[in-house]
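# Structural overview for review
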Amino acid sequence: MSAQVKTEDQILNLSISGLSCASCVKRAETAISGVESVSDVSINLATETARIQMKDVAGLPDVIRSIETAGYGVPTKTITLDIEGMTCASCVKRAEDGLKKVEGVLSANVNLATESAHVEAASNVAVADLIAAVKNAGYVAKTQIDEPSAHEDRSAKKDAEYQTLKRNLWVAAIFTVPLFVLEMGSHFIPGVHSLLMENIGRQNLYYFYFLLATIVQFGPGMVFYKKGIPALLRMAPEMNSLVVLGSSAAWGYSVVSTFASSILPAGTANVYYEASAVIITLILLGRVLEARAKGRTSEAITKLMQLQAKSAHVLRDGAFVEVPLHEVVAGDIVRVRPGEKVPVDGELTKGSSFVDEAMISGEPVPVEKTTGSEVIGGTINKTGSFEFKATKVGADSALAQIIKMVENAQGAKLPIQALVDKVTAIFVPFVMLIAALTVAVWLFFGPDPALSFALINGVAVLIIACPCAMGLATPTSIMVGTGRAAEMGVLFRNGEALQDLKNTHVVAVDKTGTLTLGRPVLTDLNVLNGFDEAEALSLVAAAEANSEHPIAEAIVVAAKERGLDVPETTRFDSVTGYGIEAEANGRKIEVGADRYMVKLGHDLSEHEHIAAQLGREAKSPLYAAIDGKIAAIIAVADPIKETTPAAIKSLHDLGLKVAMITGDNKATAEAIARELKIDSVIAEVLPAGKVDAIKQLQENNTHVSFVGDGINDAPALAQADVGVAIGTGTDIAIESADVVLMSGDMRGVANAISLSKATIKNIHQNLFWAFAYNVSLIPVAAGLLYPFTGTMLSPMLAAGAMALSSVFVLGNALRLRRFNAPAAVAVTQG
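Residues numbered from 1 in each chain as written. Predicted model: local features only at pLDDT ≥ 70, side-chain atom pairs only at ≥ 80, totals over all residues. Heavy atoms only, no water.

Just so we agree on the cut-off: UniProt positions are given in the numbering used here, feature names are shortened, and annotations may be inferred rather than shown by experiment.
In the annotation of an unreviewed UniProt entry, the entry for the protein chain reads P-type Cu(+) transporter, and the organism field reads Maritalea myrionectae. Quoted verbatim from the Subcellular location (unreviewed entry) heading of the UniProt record, the comment on the protein chain is "Cell membrane". Of the protein chain, the UniProt comment under Sequence similarities (unreviewed entry) reads exactly: "Belongs to the cation transport ATPase (P-type) (TC 3.A.3) family. Type IB subfamily."

Shown next as structure tokens:
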């Protein structure tokens, strides 16, 4: 990436894919030239690079859209950075603006709660340029490692920062408490003032106050200077700057009063050491409580991390040895003993066992694993030992994908955040202006001692208005909400889905694999003409064992599940369009639809009512004839999941309509809809027609969420306002969906919608508190009530209130951890 040109126009080098000839170059240049902010463009076919001269690089997204419209591509990448040193919403805005100024950056999303940035940029953007941009904004950035273990490192660092904050708080408190007690005691406790003056003296007391306050100011308080002063020098003030200005003003005025009182107007030589020390101590207290609460917001990630094994027994040089998890590579043979966690994803090569997969599927019953079965990292081996070949390790494993999905959702920025960004962009400079005006008004119009009143109220304004709560209001709720969702088996892949899901009017549902098991099973076996049920089923299964049709497989599975002996056939013929004919144990077996039986000459009039009833129940009836006589009517169907009726009811309880989209014939579809109390049916839909079905439901601005299995429903999931994928096992990373349900339980849809509503409501509460708090208390801090009630806001109370504001926002967000799912789904996390 070339450096920005320091002229009115800027030069941008952009990679373009899909160019194959001179005509392509001309077409792409024409498309780019059509963008308003582009002054000049030239494309090199050999390097597939465009050199674009632009009046404003903010027009880059328009350039990329024009290139894509012309039929070419712009390779992009997503970069995640950890950012240190941010303390408020102004910091977030400043870091974002710095990243967006880097040539080739399409978007930048900085999150205060996670202290990270997600940057989408052209493929040739250097990470070093992004890190430099953050550094120029006043913060420290480094590339975030895309490994689950990296979370542990970040957690350890956060814990170390928390311990440092606690230590600073204790130091500040040790020196502030005696200062506060002596100064406030002399005002409120009779006799204390006289006692101090007689035994110590005013000037000696001021010297003692100076010593205590200075230790607090430039000891624990130095953290504010290290960040606040550079921000002021860059003309980019933020929270630390306000604290520095406020506390330094109180401390500095007191120093002048102590050592050079003669230069102050008569009657104004007062000291405010206790105010400067208490401001720093209370803000440090707020930081400690904030850091502790922030740690609790990421507990969901921590719980997921705890599911991961620490090591694995891997075959190396003919023997199994224990190695750290990060040393396992794809292709390794891994041994797992009873009670151990499966370390990585893989495929069984030897042995068998039952594995607890509740952390992925939500199913409490362990799943049998035999040779060829897939196993998932983080699940627990319950019985036998087995060996498997590692197929997905590190960031590619299912657990790592889940963790990454949760982290991405927690780092998301909702559309609602746009309002916060606009306000915070000007908030701190606005507060400094109000503080300056406050000082000026009190100096010129305030009562004596005007200078003291001006100082107290100016400092109070600076301290009360720190925008910490604004920056935390949205991201903390998102972190806790998405974390609670993960514990419930619901993964939000982006922030927009979290906000949009609450607007759902209609939940459209794919039938096969979503409402149903997705595979046919034998549901009915009506034996006729005196045949034995076991004998009839074993003979029919013998005939069907030669067919690969799903219905045939269902019959064979049913026979084996009942422990029946399925004999070998001595002859087998398939009658195209009708059925099959076979011989086994010397018996002639014929299986097929009613038309096949009629063709064979059988009279079905006595049995038609049975077949008709099965058809009304959305089942597929088959006839079986043995030795020339009708022996049984068999029904095979894709059965409805046990949890489906409860899932539909929970959606109705939320006031939502449910629509079913299926390729079944209308009669069968309506039979299922009646059984499940589904509101509307769109039947006989071909796979390619699901998108049109969604569009039909979206008419009249109806907000539609579509629930599918995420495999063949990708277009419909993308068309819906919110796509919800039913994912199980390693299918959780479904790119087309906005929300993924880790289990196959559709009750998770109601849970996801309810949690979306609860989270957005929580965000609104936080934003109201953060904004209302500042809007209402800034005038009070400025002394607006003094002419009417004689009330002023002490800088110490302002510091306490400011700290309380952030703690309140965090505490309110943490309430989401206690969110109760309206539909119980058995998902555990450890």
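From this point, things continue past the structure.
## Concerning the overall build of the protein chain
As a reminder, the rule being used: Secondary structure elements are defined from DSSP: runs of H or I of at least 4 residues count as helices, runs of E of at least 2 residues count as strands, and each element is numbered from the N terminus. For every residue, the accessible area (1.4 Å probe, protein chains only) is compared with the maximum for its type, and the residue is labelled buried under 20%, exposed over 50%, or partly exposed between those bounds. In what follows, a contact means two residues having at least one pair of non-hydrogen atoms within 4.5 Å. In this description, accessible areas are obtained by the Shrake-Rupley approach with a 1.4 Å probe, and a residue is regarded as covered only by the protein chains that are shown.
Secondary structure summary: the protein chain contains 29 helices and 29 strands in total. Counting only residues that meet the buried cut, the protein chain has 52% of its 830 residues in that class. Nonlocal contacts in the protein chain, meaning residues at least 24 apart in sequence, comprise 69% of its contacts between residues at least 6 apart. Split by element, the accessible area of the protein chain, about 36,000 Å² in all, is 56% carbon and sulfur.

## As for the pairing of strand 25 (residues 657-661)
The criterion, for reference: DSSP calls a pair of strands paired once it identifies at least 2 bridges connecting them. When the strands point away from the viewer, a crossover counts as right-handed if the route from the first strand across the helix to the second turns clockwise.
Burial of strand 25 is extensive: four of the five residues sit out of reach of the surface. Pairing between strand 18 (residues 506-510) and strand 25: five bridges, direction parallel. Across the sheet, the residue bridging to A508 is A659, located in strand 25. Judged from the three bridges that link them, strand 25 and strand 26 (residues 680-682) form a sheet pairing that is parallel. Each bridged residue has a counterpart across the sheet, and for M660 the counterpart in strand 26 is V681. On the question of chirality, the crossover connecting strand 25 to the parallel strand 26 by way of helix 24 (residues 666-676) is right-handed.

## Details of the nonpolar core
Counted only if it meets this: To qualify as a nonpolar core, a set must consist of buried Ala, Val, Leu, Ile, Met, Phe, Trp, Tyr and Cys residues joined through side-chain atoms within 4.5 Å.
Counting residues in each nonpolar core, the largest one holds 149 residues, and the members touching the most others are I32, V63 and M746. Broken down by element, the residue count for this core peaks at 14 residues, all from helix 27 (residues 747-781). When sequence neighbours within four positions are dropped, the list of residues in contact with I32 reads I16, V38, V41, I43, A50, I52, V63, S66 and I67.

## Remarks on the side chain of S116
Its location among the elements puts S116 in strand 6 (residues 116-122). Excluding anything up to four places from it in sequence, S116 contacts L81, D82, I83, M86, N109, V110, N111 and Q144.

## Considering a nonpolar patch on the surface
Filter applied, for reference: Residues enter a patch when their relative accessible area is above 30% and they make no salt bridge; the linking distance is 9 Å between like charges and 5 Å between nonpolar side chains (Val, Leu, Ile, Met, Phe, Trp, Tyr). Whenever Lys or Arg places a side-chain nitrogen within 4 Å of a carboxyl oxygen from Asp or Glu, that contact is recorded as a salt bridge.
A cluster of nonpolar side chains, namely V441, L443, F444 and F445, defines an oily patch on the protein surface of about 480 Å² accessible area. Inspection of the secondary structure puts F445 in helix 14 (residues 417-445).

## What about the sheet that holds strand 15 (residues 380-381)?
Through backbone hydrogen bonds, the strands of a sheet pair up, either in parallel or in antiparallel fashion. Spatially, the three strands line up as an open sheet ordered 13-12-15, and their pairing is antiparallel. Of all strands in the sheet, those with a lone pairing partner are strand 13 (367-369) and strand 15, marking the two edges. Bridge analysis of strand 12 (residues 353-356) against strand 15 gives two bridges, and the strand direction is antiparallel. Looking at the pairing, V355 lines up with N381 of strand 15.

## Focus: the confidence of the model for the protein chain
In plain terms, the rule: Confidence of the predictor at the level of single residues is given by pLDDT, which spans 0 to 100.
The share of residues in the protein chain with pLDDT of 70 or more is 88%, and the mean pLDDT across the chain is 81. Least confident of the elements in the protein chain is helix 12 (residues 358-361), whose mean pLDDT is 64; most confident is strand 10 (residues 333-336), at 93. Segment residues 826-830 is flagged for pLDDT under 50; beyond a separation of four residues in sequence, or across chains, it makes 16 contacts in the model.

## Looking at the sheet that holds strand 5 (residues 105-111)
The criterion, for reference: Only the stretch in contact is used when fitting a helix axis, every axis being a line fitted to C-alpha atoms; angles between N-to-C directions are given from 0 to 180 degrees.
Taken in spatial order, the four strands of this open sheet run 5-6-4-7, and their pairing is antiparallel. Looking along the sheet, the strands with just one partner apiece sit at the ends: strand 5 and strand 7 (140-143). Neighbour to neighbour, the strand axes of the sheet diverge by 25° on average, direction disregarded. Judged from the seven bridges that link them, strand 4 (residues 76-84) and strand 6 form a sheet pairing that is antiparallel. Opposite K77, over in strand 6, you have A121 as the bridge partner. Running over the sheet, helix 3 (residues 89-100) touches strand 4, strand 5 and strand 6 and is turned about 160° from strand 5.

## Remarks on the UniProt feature "transmembrane region" (unreviewed entry) in the protein chain
Sequence positions flagged by UniProt for "transmembrane region" (unreviewed entry) are, in local numbering, residues 168-186, 206-225, 241-264, 270-289, 423-445, 451-474, 767-786 and 792-810. As annotated, residues 206-225 has a helix share of 85% and a strand share of 0%, and its two end C-alpha atoms lie 24 Å apart. Annotation note: span residues 270-289, helix share 85%, strand share 0%, distance between end C-alpha atoms 33 Å.

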